[in-house]
Amino acid sequence: MAGEWTIGKYLTERVRETGVRHVFGVPGDYVLGLMDEIVESPLELVGTCNELNAGYAADAYARMNGVGAVCVTYAVGGFSLLNAIAGAFAERVSVIAICGGPNREDADEHRLLHHTLGDSAGHYGVQVDVYRHVTQHAIGLSSPEEAPDQIDEAILACVRHRRPVFIEVPADLVTAPCREPAPLDLDARPESDPDALAEAVAEAVELLSNAERPVMLGGVEVHRFGLRGQLEELLDQVDYPMATALMGKSVIRETHPQYIGVYSGALSEDYVRRTVEDADCVLALGAWMSDINLGIYTAKIDTGRLIHASAERVRIKRHYFDEVYLGDFIRGLGEGLAARKAAAVETVSAEGRDVPPIQSAVTSLAERFEVRPDDAITIKRFYERMNHFLDNESIVLADAGDSFLCAGDLIMHEGVGFICQAFYCSIGFTIPATLGVGLAARERRPVVFVGDGAFQMTAQELSTIIRQGLSPVVFLMNNRGYTIERVIHDGPYNDIQNWKYHRLPEVFGGSAGCEVRTEGELEAALERAQGERDELVFIEVHVDPEDCSSALKRLGRALAEHRALS
Ligand SMILES: Cc1ncc(C[n+]2csc(CCOP(=O)(O)OP(=O)(O)O)c2C)c(N)n1
Ligand SMILES: [Mg+2]
């Protein structure tokens, strides 16, 4: 009944409708009323140690679930959250950020209240102003009459554009009566321009059909727009090899025979690099041409050979087709290539081309791993072993640092997800992200690779992981500092205090972790991880500070050459 609805109830109902079941956050007096509404709603409020971590958790939750939500208090909470929301914006993740605010009357009178920045109108509005730059839509709710539409507009923007939004809720509005929610079509999406779509597809089909050595490059937007199934269908239909950019890792099941590995310019394995760079037509679907994704601009993909479809437009060679959406383009391409193939059966063209055999990435799993119990652990051997440790339940999270470069070469089994912030690259993302992933998919087991430097940023969120009874396996890679930075440019600032990391889970209320230095000790730790599947297993891995992934070594060499040339 209309009379029973309040702004607080309206907002929690709209959040629930997006598929969110958990809201991460930290309380504060401006948001307590709203938090009571969340507690009374079907949503579960998950308290975190700080707001940044709540934001990272909501971001990772959204990567699994489609949408995530976070709720914090005014300014002290809102500004702590900012970095996480900026990351979600950069990486196109749908996070609904909700923030309590002063009563409207206090704001109108410009009273000097705690947490505000000063007593002018500008000071009161500064949070929303700042968030406008890092969200699809940022709004301060203004009145009981307008708030429902304002909320609906924000929620729709979040879901449709795959970007975060920010909603500031004055404390006095939470219990204000409002209209009941009308049906909201969250699945509606814009239609591609049919002529532009048809032209783009025809041109792409022509190029691909005439290519001798085409290759497919899958990217993150396939994930974001839920197009994995469509992509796999297209891949099954063609005989090209397929690589992914680092951010797009696991957009395809990596046991697929046409999957060859991660392409990131000079950081890539030689075979992957040659296959992509020597291709005469590169079909990039949803891949971002960002620096880390493309090996700090060491990638060599000639625009004249490139078909680049992104979320909202297609670029073929040097011209663009606007309002062509990725899902429509992939579908159109599948149909176009099938029609072309049928027509070409009697001619030589596509069928007659000499296809070099594909070196599937999955063949690396066939190699047996023989443990050398007394050998010190090296990065290379550790990740080779990890390839055999992952199973269908695993979801891999890799933090920015050498961890995400190493994890790029792991084979993601059927259904295995890979979560990393490879574009925004804010270190410390993975531990709070593990909380989000664990709650979004309790039936899965997060496997986390985090550097010591990254871990020090957000370590306390292990305590919430323990509190929530989640059971990830965390590999803390202790190489005594910021190794990735050492390779790029070394200095005393890359050294950090060495913690007894493995003892922290016990401090936080869980079981003690373990530390491993040799392959034999690693085996014992992995056995424990297999046995204790219902709790956090924390494994501190000591590695030589000079040791790093082959990708990082290749990057070091590429940067040195670049410096020598400039
Ligand atoms: C929030 C944030 N601060 C600073 C940086 C710059 N940065 C990039 S990598 C890195 C060091 C990572 O060290 P660690 O986690 O130990 O990984 P390693 O390379 O040693 O494996 C730093 C400080 C960043 N990316 N994000
Ligand atoms: Mg380190």
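If you're wondering where the values come from, they're calculated on a predicted model, not measured in any experiment. (Residues numbered from 1 in each chain as written. Chains lettered and ligands numbered in written order. Predicted model: local features only at pLDDT ≥ 70, side-chain atom pairs only at ≥ 80, totals over all residues. Heavy atoms only, no water.)

1. Brief notes about the packing of aromatic side chains
And step 1. According to the stated counting rule, one finds 15 aromatic pairs in the structure shown.
And step 2. Seen from their ring centres, tryptophan 288 and phenylalanine 423 are 5.4 Å apart, and the 75 degrees between their planes marks the pair as edge-to-face. Here tryptophan 288, found in the loop between β10 (281-285) and β11 (306-309), pairs with phenylalanine 423, found in the loop between β15 (417-419) and α15 (430-440); they are 135 residues apart in sequence, far enough to count as distant.
And step 3. Looking at phenylalanine 423, the relative accessible area reads 35%, which means it is partly exposed.
And step 4. Look at phenylalanine 455 and tyrosine 501: their rings are 5.8 Å apart centre to centre, the planes differ by 70 degrees, and that puts the pair in the edge-to-face class. Here the residue phenylalanine 455 occupies a position in helix α16 (residues 452-458), and tyrosine 501 occupies one in the loop between α18 (483-488) and α19 (504-507), the gap between them amounting to 46 residues. (Phe/Tyr/Trp six-rings, centres within 6.5 Å; stacked < 30°, edge-to-face > 60°. Helix = DSSP H or I, 4+ residues; strand = E, 2+ residues; numbered from the N terminus. Buried < 20%, exposed > 50% of the residue type's maximum accessible area, 1.4 Å probe, protein only.)

2. Section: the pairing of strand β12 (residues 313-316)
And step 1. Side chains of β12 alternate between two faces, with Val314 and Ile316 buried and Arg313 and Arg315 left unburied.
And step 2. In terms of strand pairing, β11 meets β12 through three bridges, oriented antiparallel. Counted as the bridge partner of histidine 308 is arginine 315 from β12.
And step 3. Counting the residues that bridge the hairpin from β11 to β12 gives three residues.
And step 4. Pairing between β12 and strand β13 (residues 319-322): four bridges, direction antiparallel. Bridge pairing in β13 links arginine 315 to tyrosine 320.
And step 5. A loop of two residues connects β12 with β13, the two strands running antiparallel in sequence, and lysine 317 in this loop sits at a positive phi of about 50 degrees. (Pairing = 2+ DSSP bridges.)

3. Comments concerning the layout of surface pockets
And step 1. A volume near 980 Å³ is recorded for the largest pocket.
And step 2. If you trace the largest pocket, you find 45 residues lining it, with Arg162, His223, Arg224, Phe225 and Gly226 closest to the centre.
And step 3. Elements represented by at least two residues in the lining of the largest pocket include exactly α3 (51-65), α7 (147-161), α9 (220-224), α10 (228-237), α12 (326-344) and β15.
And step 4. The leading source of residues in the lining of the largest pocket is α3, at four residues.
And step 5. Class assignment for the residues of the lining of the largest pocket results in 20 nonpolar, twelve polar and 13 charged.
And step 6. By volume, the second largest pocket is sized at about 850 Å³.
And step 7. For the second largest pocket, the lining is made up of 36 residues, of which Glu269, Ser364, Glu384, Asn387 and Asp409 are closest to its centre. (1 Å grid on protein atoms, 1.4 Å probe; cavity = no way out; pocket = protein on both sides within 12 Å on 5 of 7 lines; lining within 4 Å. Points joined across faces, edges and corners; volume = space filled by probe spheres on them. Nonpolar A, V, L, I, M, F, W, Y, C, P; charged D, E, K, R; others polar.)

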